[in-house]
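Here are the chains, one letter per residue:
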Amino acid sequence: DDEAEADVVVVNTCCFIGDAKEESINTLLQMGELKDSGQVKALIAAGCLAQRYREEIQKEIPQVDAIIGTTALEEILAGQKQNHYEDINAAPVTETNRVVTTGGHFAYLKIAEGCDKHCTYCIIPKVRGNYRSVPKESLLKEATELADKGVRELILVAQETTLYGMDLYGKKELPRLLHELAQIPGIYWIRILYCYPEEIT
């Protein structure tokens, strides 16, 4: 609960809107001061802002030891400055052991990554890549494992949930996915975030 007691600080940044960008930069600067004072041994910048402004962060905030892009999942070795950027259009990582940090009774289930809409006000396609659905089999397996651990509510997330399946199956598969998730014993609620009304069938 207190970053001043941490050996390593990871700042998960955002650059979607101006306020989020400003908060991310201010937090990196504040954590940089903790590193300068010796309270923190390593400072890592992760997330969207780190992906988009990695060169600026390296130049302007030298206290940052490593920058992890939006699709990189790597371990930072002690004492070495390493940056990790993967192709932002890489397939979503699915075979991982989930650590549920939401209290146990609900969990987020990421069904897709990226967006193809390229709205003029939105930076998401540039930092998250094109739309990539997670295969349905992987989602059903993960949801079953979550239910077995006591999760009762699933919150489906993506930058755009209503286009789920278009890239993999050639049609909108969100309705079918919902029906199949609803059959999992122990799952009682399913919430869907980030829908585009014009895409709902």
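Residues numbered from 1 in each chain as written. Predicted model: local features only at pLDDT ≥ 70, side-chain atom pairs only at ≥ 80, totals over all residues. Heavy atoms only, no water.

Participant: How should the sheet that holds strand 9 (residues 189-192) be read in this particular structure?
Facilitator: In sheet architecture, strand pairing relies on hydrogen bonds along the backbone and comes in two forms, parallel and antiparallel. If you walk across this open sheet you meet the three strands as 5-8-9, and the pairing is parallel. Of all the strands in the sheet, the pair left with one neighbour each is strand 5 (106-110) and strand 9. Averaged over neighbouring strand pairs, the angle between their axes works out to 25° when direction is ignored. In the sheet, strand 8 (residues 153-157) pairs with strand 9 via four bridges, with the strands oriented parallel. Its bridge partner being in strand 9, glutamate 153 is matched across the sheet by tryptophan 189. Lying on the sheet, helix 5 (residues 136-148) is in contact with strand 5 and strand 8; it crosses strand 5 at an angle near 170°. Across the face of the sheet, helix 7 (residues 174-182) comes into contact with strand 5, strand 8 and strand 9 while running at roughly 155° to strand 9. (Pairing = 2+ DSSP bridges. Helix = DSSP H or I, 4+ residues; strand = E, 2+ residues; numbered from the N terminus. Axes fitted to C-alpha atoms, helices over the stretch in contact; angles between N-to-C directions. Contact = heavy atoms within 4.5 Å.)

Participant: Where do I start with the pattern of salt bridges in this structure?
Facilitator: Oppositely charged side chains are able to pair whenever their charged atoms sit close together. Per the stated rule, a full pass over the model turns up 13 salt bridges. For arginine 128, the salt bridge is made with glutamate 113, and the minimal N-O distance between the two is 3.7 Å. Residue arginine 128 is located in helix 4 (residues 124-128), and its partner glutamate 113 is located in strand 6 (residues 112-113); the two are separated by 15 residues in the primary sequence. Just as arginine 128 is buried, glutamate 113 falls in that class too. The shortest N-O distance in the salt bridge between glutamate 160 and lysine 117 comes to 3.8 Å. Linking glutamate 160 in the loop between strand 8 and helix 6 (166-169) with lysine 117 in the loop between strand 6 and helix 4, this pair joins segments that are 43 residues apart in sequence. Owing to a relative accessible area of 25%, lysine 117 belongs among the partly exposed residues under this scheme. (Salt bridge = Lys/Arg side-chain N within 4 Å of Asp/Glu carboxyl O. Buried < 20%, exposed > 50% of the residue type's maximum accessible area, 1.4 Å probe, protein only.)

Participant: How should the packing of aromatic side chains be read in this particular structure?
Facilitator: Any pair of aromatic rings gets described here by the distance separating the centres and the angle formed by the planes. Evaluated as defined, the whole model comprises two aromatic pairs. Between phenylalanine 106 and tyrosine 108, the ring centres sit 6.2 Å apart and the planes meet at 75°, which makes this aromatic pair edge-to-face. Tyrosine 108 gets classed as partly exposed once you look at its relative accessible area, which sits at 39%. Arranged with centres 6.1 Å apart and planes meeting at 70°, the rings of tyrosine 188 and tryptophan 189 form a pair that is edge-to-face. It is lysine 117 that lies over the ring of tyrosine 196; its NZ or CZ is 4.6 Å from the centre. Positioned above the aromatic ring of tyrosine 169, the side-chain terminus of lysine 136 is 5.8 Å from the ring centre. (Phe/Tyr/Trp six-rings, centres within 6.5 Å; stacked < 30°, edge-to-face > 60°. Lys NZ or Arg CZ within 6 Å of the ring centre and 35° of its normal.)

Participant: Any chance you could explain the nonpolar core here in plain terms?
Facilitator: Most often, soluble globular proteins have nonpolar side chains that are buried together. Ile111, Leu154, Leu177 and Leu181 are the most contacted members of the largest nonpolar core, which has 22 residues in total. Taken together, the elements giving at least two residues each to this core come down to strand 5, helix 5, strand 8 and helix 7. The leading source of residues in this core is helix 5, at five residues. Residue contacts for leucine 177: discarding those within four places in its chain leaves Ile111, Lys136, Leu139, Leu140 and Tyr164. Formed by 18 residues, the second largest nonpolar core is a distinct cluster that contains Cys15, Leu28, Ile61 and Val64. (Core = buried A, V, L, I, M, F, W, Y, C linked by side-chain atoms within 4.5 Å.)

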